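# What the coordinates show
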Amino acid sequence: MKSQQHRKNDDEKLSWVSLSLFGAGCTLGTGFFLGTSLAIHWAGISVLILLVLAAAGTYFVFGALAQMTADDPKEGAFRTYAGEAFGPWAGFGSGWMYWFSEMLIMGSSLTALGLFSQFWFPKFPLWAFVAIYAAIGLFIAALGAKGLTKTENILAVIKLAATVAFIAIAGAACLGWLPVKVTPEQLKNEWFPHGGKGVWTGFIYAFFAFAGIEVMGLMAANLKEPKDAVKSGRVMLLSVSTLYVIAIALILLLVPSVQLTPDESPLVKAMATIGFTVVVHILNGILIIAGFSTMVASLYAITSMLVKLAEDGDAPKLFTKTWGKKDMPLQALCCTAAGLVLSTLMALWMPKSLFEYVTTAGSLVLMYTWLLICITYIKKMKPVKWNRIKVWIAIVLIVAAVAGTAMEKASRTGLLASVGLLVFLGIITYVVHKVRGSKPPQSAPSKP
């Protein structure tokens, strides 16, 4: 989160293994532990194919971002590269697009953490849980890259261990070593329970399970060897994708997809089917860890983005001011905190259905950021044929997943809201750059 003028010491740099673990911590969150229930509900067994396709698309997107980082490591990552490829307006628009998308999602993340905690303490006020998690998250984000990496790596190990443990227990149940409450006659999971339309609708939730790679991309500039960014992403995504597919396959062997709801983790449902009440409580704790981990990573990312926007003249200069030995960007953190409070109040006060539209819109805008990464890569790097084909495959898969949200009423409203937000940000971008005129990028020089 330090300004780019402040060079980081060698001991603050990341190894590719550490970045892989950090990426797993950012990615392995509520999108998998909770959100995949919707993917399974809509797509049935074919969700396994969707996960593989989403993993491939995600890998191609991160590969593009990693190659740009290896070629020219800079803080600000995709936002900086977009500005260089298309002009200052792209840097301004993409930075604020990312900031707003994460802010819209943040309120629902904090509310979910509070609801998970109320599973154990039902009488404790929801707002108090939200406030506690928000305060701890902001404190960790304020520690900077080094403190965040250590925290994320610890939480990543916990989440990975929990997922492997789930696979071991569920696998034992599927092999008949443990009693299962659901009989084969009750299971009856289908490949296409809602037809092709249902598969298309569920595609976007497979992509949401991999949200977080853009934070990993922002941290890639801190690598000891920037060229290792590609290897780091490859190892992380291959590991996480394998765990996803195996875990969901086992869930489908234990739980009827019609019993899965958006409010309950499919992993928790599977453990309840086996009758492991203790494991249900453990998984609830993992849900809290997963949600908190991804929230903290996002808080750090959007605060870093705000600092970089200010350095390039796309946000008030006061956000570049730092405080203390750790060069903490206090004003930028306060701005993030204010956005966090507003997003949380929306989550607590708005009607549930209306806020779901807002959250869906924020998640879709994040997918638009992925599309921008792909387009920037093509423009900036002029890749060879095979790399260009991979990026176009990613673009087609993401566009297909986003278009699938039009198939269902609730997500369709979220899609329209995301388009509205995109248009709004586009107008703001146009007006700002029309007023101040086209100025050359003020980015600091790239690191040697």
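Residues numbered from 1 in each chain as written. Predicted model: local features only at pLDDT ≥ 70, side-chain atom pairs only at ≥ 80, totals over all residues. Heavy atoms only, no water.

### Concerning the overall build of the protein
Along its length, the protein carries 18 helices and zero strands. Sorting the 448 residues of the protein into buried and exposed places 58% on the buried side. At a minimum sequence separation of 6, the contacts of the protein that also span at least 24 residues come to 83%. Here the protein has roughly 18500 Å² of accessible surface; of this, 70% comes from carbon and sulfur atoms. (Helix = DSSP H or I, 4+ residues; strand = E, 2+ residues; numbered from the N terminus. Buried < 20%, exposed > 50% of the residue type's maximum accessible area, 1.4 Å probe, protein only. Contact = heavy atoms within 4.5 Å. Areas by Shrake-Rupley, 256 points an atom, 1.4 Å probe, with all protein chains shown as cover.)

### Considering the packing of aromatic side chains
Following the criterion strictly, the structure yields 14 aromatic pairs and no others. Ring centres of tyrosine 59 and phenylalanine 60 lie 6.0 Å apart, and the angle between their planes is 55°; this geometry places the pair in the tilted category. Its relative accessible area of 17% is what places phenylalanine 60 among the buried residues. When the centroid spacing of 6.2 Å and the interplanar angle of 45° are considered together, the rings of tryptophan 96 and phenylalanine 100 count as tilted. In this pair, tryptophan 96 and phenylalanine 100 both sit in helix α6 (residues 88-118), four residues apart, roughly one turn of the helix. Overall, tryptophan 96 belongs to the buried group, its relative accessible area being 15%. Taking relative accessible area as the criterion, phenylalanine 100 reaches 29% and is therefore assigned partly exposed. (Phe/Tyr/Trp six-rings, centres within 6.5 Å; stacked < 30°, edge-to-face > 60°.)

### What about the packing of α6 against helix α14 (residues 277-311)?
Running from N to C, α6 and α14 point in directions that differ by 155°, and their axes come no closer than 9 Å. As summarised for this structure, α6 and α14 are arranged roughly antiparallel, according to the angle between their axes. At the point where α6 passes α14, the crossing takes the left-handed sense. Looking at the contact of α6 with α14, its residues break down into 19 nonpolar, six polar and one charged. (Axes fitted to C-alpha atoms, helices over the stretch in contact; angles between N-to-C directions. Parallel < 35°, antiparallel > 145°, perpendicular 65-115°, else oblique. Left-handed = near helix turned anticlockwise from the far one by under 90°. Nonpolar A, V, L, I, M, F, W, Y, C, P; charged D, E, K, R; others polar.)

### Structural notes on the packing of helix α3 (residues 36-43) against helix α10 (residues 195-208)
In contact at an axis separation of 8 Å, α3 and α10 are set at 165° when each is read in the N-to-C sense. It follows from the interaxial angle that α3 and α10 lie roughly antiparallel. Note that α3 runs across α10; the crossing there is left-handed. Where α3 abuts α10, its residues Leu38, Ala39, Trp42 and Ala43 lie against Gly198, Val199, Thr201, Gly202, Tyr205 and Ala206.

### Let's talk about the nonpolar core
With 142 residues, the main nonpolar core has Phe32, Tyr98, Phe166, Phe207, Phe210, Ile248 and Trp370 as its most contacted residues. It is α14 that provides the largest number of residues to this core, a total of 20 residues. Excluding anything up to four places from it in sequence, isoleucine 248 contacts Phe32, Thr36, Ile40, Val47, Leu48 and Leu51. (Core = buried A, V, L, I, M, F, W, Y, C linked by side-chain atoms within 4.5 Å.)

### Brief notes about the pattern of salt bridges
In this structure the tally under the stated criterion is six salt bridges. One salt bridge in this structure joins lysine 308 and glutamate 311, with 3.5 Å as the shortest N-O distance. With lysine 308 and glutamate 311 both in helix α14 and three residues apart, this pair spans about one turn of that helix. Look at lysine 308 and you get buried, because its relative accessible area is 3%. Taken together, the shared-partner salt bridges connect Arg79, Lys308, Glu311, Asp312 and Asp314 into one network. (Salt bridge = Lys/Arg side-chain N within 4 Å of Asp/Glu carboxyl O.)

### Thoughts on α3
Here α3 lies mainly inside the structure; six of its eight residues are buried. Three or more residues of α3 are buried, namely Thr36, Ser37, Ala39, Ile40, Trp42 and Ala43. Each element contacted by the buried residues of α3 is listed here: α2 (30-33), α4 (47-71), α10, α12 (229-252) and α13 (266-274). Phi turns positive one or two residues past the end of α3, at glycine 44, with a value near 65°.

### Things to note about the environment of alanine 247
Tracing the backbone through its elements, the reader meets alanine 247 in helix α12. By relative accessible area, which is 0% here, alanine 247 ends up buried. A sequence separation of 19 residues divides alanine 247 from proline 266, and the C-alpha atoms of the two residues are 9.7 Å apart. When residues no more than four places from it in sequence are discounted, the contact partners of alanine 247 are Phe32, Phe166 and Ile167.

### Topic: the environment of lysine 224
Inspection of the secondary structure assignment puts lysine 224 in the loop between α11 (213-219) and α12. Sequence separation between lysine 224 and tryptophan 16 is 208 residues, and the spatial gap between their C-alpha atoms is 7.9 Å.

### Focus on unusual backbone geometry
The phi dihedral of lysine 382 falls on the positive side, at around 50°, and the residue is not glycine. Along the chain, lysine 382 turns up in the loop between α16 (352-381) and α17 (385-404).

### What to know about α14
Here α14 is 35 residues long and its end C-alpha atoms lie 52 Å apart, about the 51 Å a rise of 1.5 Å per residue gives. Positive phi shows up at glycine 313, right after α14, with a value of about 80°. (Expected span 1.5 Å × (residues − 1).)

### Describing the state of the cysteines
Overall, the coordinates contain zero disulfides when judged by the stated rule. A disulfide-free cysteine, cysteine 334 has its sulfur positioned 8.8 Å from the sulfur of cysteine 335, the nearest such atom. (Disulfide = S-S within 2.5 Å.)

### Comments concerning the environment of leucine 267
Considering the arrangement of structural elements, one finds leucine 267 in helix α13. For leucine 267, a relative accessible area of 0% translates into the label buried. Counting along the chain gives 97 residues from leucine 267 to alanine 170, while the straight-line C-alpha distance between them is 9.2 Å. Discounting residues that sit within four places of it in the chain, leucine 267 has contacts with Phe32, Phe33, Phe166, Ile251 and Leu283.

### As for the confidence of the model for the protein
Caution is warranted with low-pLDDT regions, since their predicted coordinates should not be read in detail. Averaged over all residues, the pLDDT of the protein is 81; the fraction at 70 or higher stands at 90%. Across the protein, the secondary-structure element scoring lowest on mean pLDDT is helix α9 (residues 184-187), at 60, and the one scoring highest is α17, at 92. Every residue in residues 1-10 is under pLDDT 50, and counting partners more than four places away or in other chains gives 31 contacts. Scored below 50 in pLDDT, residues 440-448 shows 25 contacts in the model against residues more than four places distant or in partner chains. (pLDDT = per-residue confidence, 0-100.)

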